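Residues per chain, in single letters:
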Amino acid sequence: MLKVNRNDQRPIWQQLLDQAIHNITTGKWQPGELLLPSRELAQLIGVSRSTIQIVYEELFSRGYTITSRRAGTRVSDWTYAPRSSEDVTMQGPIPPELPTLNESIGHLHSWFGNRDNRKIEIDFNPHEPYLDESFTKAWRQSFLQASAEPNLDIWAYGDARGLLALREQIQRYLSLERGIHIDVDQILLTSGAQHSIDLIAQALLSEGDRVSVEDPGFPAAWMAMKYRRMQVDPVPVDEYGLCVDHIHPQTKLVFVTPSHQCAVGVIMSEPRRQQLMHLATHHRYWIVEDDYDSEFRYRGDPLPTIFSQQPQNTLYMMSFSKMVAPGIRLSAIIGPKIAIDRLTQVHELTYRHLPIMEQLTLTHFIERGHFMRHMRRVRNIYRRRHEVMTKAIVASGLGSRFTLSGVETGLHMLLESETSFDEEALTNAALDQGVRVYPLSRYCLESHRKGWILGFAKVDEEQIEEGIHRLAKIVL
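Residues numbered from 1 in each chain as written. Predicted model: local features only at pLDDT ≥ 70, side-chain atom pairs only at ≥ 80, totals over all residues. Heavy atoms only, no water.

Draft legend 1. Layout of helix 5 (residues 133-147). When the terminal C-alpha atoms of helix 5 are compared, their 21 Å separation across 15 residues agrees well with the 21 Å that a helix rising 1.5 Å per residue should span. Among all positions in helix 5, only Phe135, Ala138, Trp139, Ser142 and Ala146 are buried. End-on view of helix 5: buried residues confined to an arc of 100 degrees, all on one side of the axis. Those residues of helix 5 that are exposed and angled more than 90 degrees off the buried face are Glu133, Lys137 and Leu144. (Helix = DSSP H or I, 4+ residues; strand = E, 2+ residues; numbered from the N terminus. Expected span 1.5 Å × (residues − 1). Buried < 20%, exposed > 50% of the residue type's maximum accessible area, 1.4 Å probe, protein only. Arc of directions from axis to C-beta.)

Laid out in structure tokens, this is it:
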């Protein structure tokens, strides 16, 4: 008999339904057993008939019972009996072994900087930009304006390429600031550099294709390619950038950061650029140009892009992670229409399109002039911090132990050492002194180069001087 517990917070019909399902699933009510008519059961329990009708309707809709006018309501033959009780286990499926994934995630965490219990007072983080209350105030204004958008159609499924208004703003920015003149349909919005690289691997490459990456370089690039089962060839980097002579002739793609090499910080020389473009045309491979922080240049204007010189087989990656904030997860791939069309198809199939609110907010942020004001402000801040760090390194004497590079562009510079440098031990010693630095080896695939990558975007001038002073005491 079903019972009602007046102290139970659940509705009465829910209590009775749960008891009925328990009786059926445990075999207390056998298949084919006739249930009492709703009026009779209601009188026995002391509830309204409508309550019992709700319970019976739920049992029927879930397949626990069958009903007819002549035969009444009966327990259905719903059960599935395994061959033996030994076949029944409480364990779910076991995910397959993915050693490449586990290895890559471990490397990714290491690359971003190991988190431990030691107190970090100064973090020379090369991955994140400077943010302040001026930014958050402007972003909040843009968010509120975007939230008040009266056009309800924007909340429907949108263009897989991304919000048209935002792509138009990016098109205008690239034309004015980077000398890249394109149609708006040559822009595909993505949720970050790793998303862009993964899309490129899925859409433009086949499993087992050879791809060439800088070594040292951007770890997420080769991690994504390896996970997509590409054959990754590390290509060394020297003071002139990527060593183009070492690119395998059968490569299908070359990933390069020519304006400010991701790890070493050097600028790819013009002869190397010309050589790379010539070979890409001759061997018909893609050039993926990651222009992640070239907007921050301290000597002259930003350098011309490879895409602006050879757009037919170059995919240009830009990201708002360094220009605005990593948390908004917005970036773009710019390329020839045939490639963008294919990338868009894969994006539409696997991701559909990006969340609309972030796109609307960034559109308002750019349209209202907040973006360019933010860029002017942070450029001045970075220029001061760049100068302070450069002078502090020279004054500390670290220049006698390290080679300083990457000082013309970007948000980090490299202190490179001899290969005998005990990078791990001295990095841990710096952590003990409250200073986090980023070892060059974590950006290496096969290279044995050693040193420290130091970012200055999030470290104020006083902290920069103190941090360099502490590093000099450890090393010298």
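Draft legend 2. Geometry of the packing of aromatic side chains. Taken as a whole, this structure holds 11 aromatic pairs when the rule is applied. On the numbers, 6.4 Å between centres and 50 degrees between planes, the contact of Phe307 with Tyr316 is tilted. Since its relative accessible area comes to 3%, Phe307 is described here as buried. Members of the aromatic cluster, connected to one another through ring pairs, are Phe135, Trp139 and Phe365. (Phe/Tyr/Trp six-rings, centres within 6.5 Å; stacked < 30°, edge-to-face > 60°.)

Draft legend 3. The arrangement of the sheet that holds strand 8 (residues 253-256) in detail. Across the sheet, which stays open at both edges, the 8 strands sit in the order 4-11-10-9-8-5-6-7 with mixed pairing between neighbours. Every other strand in the sheet has two partners, leaving strand 4 (187-190) and strand 7 (241-242) as the edge strands with one partner each. Direction of pairing for strand 5 (residues 210-215) relative to strand 6 (residues 231-238): parallel, over a ladder of 6 bridges. Counted as the bridge partner of Val213 is Pro234 from strand 6. Contacts from helix 7 (residues 193-204) reach strand 4, strand 8, strand 9 (286-290), strand 10 (314-319) and strand 11 (331-334), with the element oriented near 155 degrees to strand 10. (Pairing = 2+ DSSP bridges. Contact = heavy atoms within 4.5 Å. Axes fitted to C-alpha atoms, helices over the stretch in contact; angles between N-to-C directions.)

Draft legend 4. Seen up close, the nonpolar core. Counting 67 residues, the largest nonpolar core has Phe124, Phe320, Tyr382 and Leu471 as its most contacted members. Among the elements that line this core, the one with the most residues is helix 14 (residues 370-396), at 9 residues. Formed by 43 residues, the second largest nonpolar core is a distinct cluster that contains Ala193, Ile200, Ala201 and Trp286. (Core = buried A, V, L, I, M, F, W, Y, C linked by side-chain atoms within 4.5 Å.)

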